[in-house]
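Chain by chain, the residues run as shown.
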Amino acid sequence: MVNGGLPRRLQSQELVCDHAARCSTEVEEYVVRRLTRQDCRKTGNRIQTGRDIMFLKDLSLAAVLVPLLLSVQSLHGSALPAVSSYEFTAYRMQQFNLAQQKHGCRGAIVVAEARSADEPVLTRRCVIMKVSDFTTKKYLEAQRQNAAAILILLPRNISSIPHDTVQSFMVSESEALLKETLMPVYVVPEDEQLLCMYEEVKQAAATRTSSIFIRVLRSMVTATAFQILVSNNVPIKAFTDNAIVTLEGVLPGTEEDVPTIVITAHYDSYGLSPWLSYGADSNGSGVTILLELTRLFQKLYSNPSTRPPYHLMFSLTGGGKHNFLGTKRWIEENLDHAESSLLHDNVAFVLCLDTLANSDELYMHVSRPPKPDTPMYSFIEQLEEVVSSRFSWVKIGLVHKKINLVESTVAWEHERYSLRRIPGFTLSHLEDPKSELRGSVLDTMAQVDFRKLKRNGIIIAEALARYMFNLSDKGSPKDVQVFRGQMDIQDSRMSSLMSFLTSVPRATQLLDKEPGHILLVNSLEHEFKRYLQQVHRHTFRQDRRVKPAAFDLFLGGCIAAYLGIVYYAIQNFGYLYTKLKAAVKSKHQ
């Protein structure tokens, strides 16, 4: 169940204050701070002053998207411009429930002074971090010290971040999302004013390690403080009415009763904040390859002489980042409710595309190793043959992971099909299903290698064609190319598709709420109708029907009573039999 707070923009109230001086006297064991306010006059809802101080104020509801108003208190020496307040938009951390587990932050309101993560004392402070500062250790330390909030500054140019820093942040990001926290966590794109604030608090943290004399002297010359304020009395409300859309389309084979091959990919994204989750590699890459495959195979199927003896079904599913809910409901509708469906008939295998825009490795994830002489085994052989003959530097491997029926979540999309005894596997450049690359706000176009994305698309297309036309048994060369010339994968189209998919965040919570996100799903449906037949759009909402606890108690009582009666009958069988025999005998007399 997805339970994320609905992101929306809020109108910020104005609060402008000016502190004329900040004096601090520091002693070895404690610090005394005194803020003096001068020349402030209050008129209505607005406090006006005449000095350069900035307070930081932000208003948020149950949302991921929050406008912040930054107010800075400063004396001489601040690098910030002389303004009384600065408003900017921040994005709150994910909040959702999945399989009875709570994830993300439950808090939103912040009224605290900004401090660097290097400070020894973070209690009731808003910790300002850059991407390079955000680590699991510092995140847990802020939690341990009951920090008021964390504000993460995200560079606008992700490609400028060193690779090691990106990897470290992604790991910390995924670990932070595993559990819930009451501490508000916000992410905000960097700008000049925020970077100045970051440097100021960083310098202030550095001086606290200096001698007391230097600290007091600095506080007398330049006293700068930043207060971050997020205030709203409206409680955070989770929403449970997300519409999850799954699209399907078919290229019919030569006859009605031929086997069906299903190619599928989930199109939603995931990251620390829904409004910043663009999901380029995961799983914009899988969607891009799938859409290009629809174009290529439509050309083959449009000519009766080149139409393969297979139905080719394509599916784009929603809710992939939330336990593949869209896939689950789509399979249930086809198998349990539909009178006729291609999934009812002979399914050769299901190919799930997930995270394919990087690396020189390809892994085929299966729930059980395919047996020889099965369609899935033959197709995997074709994949390996295409790789060995044309892309010998690419490492390809089979990863076997059994489905743990005790767990309420699945690792890959193919496991949803395996649970219904439909053979399938997932193709990805990731070996570990828990990889941090499967959900991050840093998963942008900067993480996509278009040469490798195109190469993986070629491998899949050629292997499919070789399998459906049975080219190996017909003695065709191993390096034969079916898709070449006008039938080749188009670089410009793949680039355009990826740019379109990453133009808006595709978090599950947003796809049915904003016009731009709704347009994205409609465009995907239009693309299906352009190349496929029998295109259907399925809209699912999570089942909110919950059995009351009284029903469970009643059912438990009935079972206990039944077992009690059976036990009593067994223990007193002789006595009951005698009584019953006597009753029957007297009745006959």
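These numbers come from a predicted model, not from an experiment.

Side note on the overall build of the chain
Each helix and strand counted, the chain has 13 helices and 23 strands in total. Sorting the 589 residues of the chain into buried and exposed places 52% on the buried side. Within the chain, residue pairs in contact and separated by at least 24 positions form 78% of the contacts whose partners lie at least 6 positions apart. By element, 53% of the accessible surface of the chain is carried by carbon and sulfur atoms, the whole surface being about 28,000 Å².

A look at the nonpolar core
Ranked by size, the top nonpolar core spans 68 residues in total, and within it Ile-261, Phe-297, Leu-316, Phe-349, Leu-353 and Phe-425 carry the most contacts. Discounting residues that sit within four places of it in the chain, Phe-425 has contacts with Phe-349, Val-350, Leu-351, Cys-352, Met-364, His-365, Val-366, Met-376, Phe-379, Ile-380, Leu-383 and His-414.

Some thoughts on a negative patch on the surface
On the surface, Glu-255, Glu-256, Asp-257 and Asp-345 cluster together to form a negatively charged patch. Here Asp-345 shows up in the loop between α6 (325–337) and β19 (347–353).

Points about the sheet that holds strand β9 (residues 101–105)
Spatially, β8-β9-β13 is the arrangement adopted by the three strands of the open sheet, whose pairing is mixed. On the outer flanks of this sheet lie β8 (95–98) and β13 (180–181), each paired with one strand and no other. Here four bridges tie β8 to β9, and the two strands are oriented antiparallel to one another. Following the sheet pairing, Leu-98 is matched in β9 by Gln-101.

Topic: the sheet that holds strand β18 (residues 311–317)
Read across the sheet, eight strands follow the order β21-β20-β22-β19-β17-β18-β16-β23 without closing on themselves; strand pairing throughout is mixed. Looking at strand neighbours, the two that pair on one side only are β21 (395–400) and β23 (533–541), the edges of this open sheet. Between one strand axis and the next, the sheet turns through 20° on average, direction left out of account. Judged from the five bridges that link them, strand β17 (residues 260–266) and β19 form a sheet pairing that is parallel.

Description of the pairing of strand β12 (residues 149–154)
Most of β12 is tucked away: six of the six residues are buried. Every second residue of β12 is oriented toward a common face, with Ala-149, Leu-151 and Leu-153 on one face and Ile-150, Ile-152 and Leu-154 on the other, all of them buried. With helix α1 (residues 136–144) bridging strand β11 (residues 125–130) and its parallel neighbour β12, the resulting β-α-β unit is right-handed. Relative to strand β14 (residues 185–189), β12 runs parallel, the two sharing five bridges. By the bridge assignment for β14, Ile-150 is matched with Val-185.

Side note on the environment of Leu-453
Relative to the elements of secondary structure, Leu-453 occurs in helix α9 (residues 450–468). Residue classification places Leu-453 among the buried residues on the basis of a relative accessible area of 0%. Taking C-alpha positions, Leu-453 is 9.2 Å from Ser-359, a pair spaced 94 residues apart along the chain. Beyond its immediate chain neighbours, meaning those up to four positions away, Leu-453 contacts Ser-285, Thr-288, Ile-289, Leu-356, Ala-357, Val-448, Met-494 and Met-498.

Side note on the packing of helix α10 (residues 491–501) against helix α11 (residues 515–531)
Put simply, α10 and α11 touch, their axes get as near as 11 Å, and they point 150° apart. Classified by the angle their axes make, α10 and α11 are roughly antiparallel. Of the residues in α11, those touching α10 at Arg-493, Phe-500 and Leu-501 are Leu-520, Ser-523, Leu-524, Glu-527, Arg-530 and Tyr-531. Counted by class, the contact of α10 with α11 contains five nonpolar, one polar and three charged residues.

As for a nonpolar patch on the surface
The grouping of Leu-555, Ile-559, Tyr-562, Leu-563, Val-566 and Ile-570 at the surface amounts to a nonpolar patch, some 600 Å² of accessible area in total. Relative to the assigned elements, Val-566 resides in helix α12 (residues 549–571).

Calculation criteria
Residues numbered from 1 in each chain as written. Predicted model: local features only at pLDDT ≥ 70, side-chain atom pairs only at ≥ 80, totals over all residues. Heavy atoms only, no water. Helix = DSSP H or I, 4+ residues; strand = E, 2+ residues; numbered from the N terminus. Buried < 20%, exposed > 50% of the residue type's maximum accessible area, 1.4 Å probe, protein only. Contact = heavy atoms within 4.5 Å. Areas by Shrake-Rupley, 256 points an atom, 1.4 Å probe, with all protein chains shown as cover. Core = buried A, V, L, I, M, F, W, Y, C linked by side-chain atoms within 4.5 Å. Patch = residues over 30% accessible without salt bridge, like charges linked within 9 Å, V, L, I, M, F, W, Y side chains within 5 Å. Salt bridge = Lys/Arg side-chain N within 4 Å of Asp/Glu carboxyl O. Lys, Arg positive; Asp, Glu negative; His and termini not counted. Charge placed at Lys NZ, Arg CZ, Asp CG, Glu CD. Pairing = 2+ DSSP bridges. Axes fitted to C-alpha atoms, helices over the stretch in contact; angles between N-to-C directions. Right-handed = clockwise from strand over helix to strand, strands pointing away. Parallel < 35°, antiparallel > 145°, perpendicular 65-115°, else oblique. Nonpolar A, V, L, I, M, F, W, Y, C, P; charged D, E, K, R; others polar.

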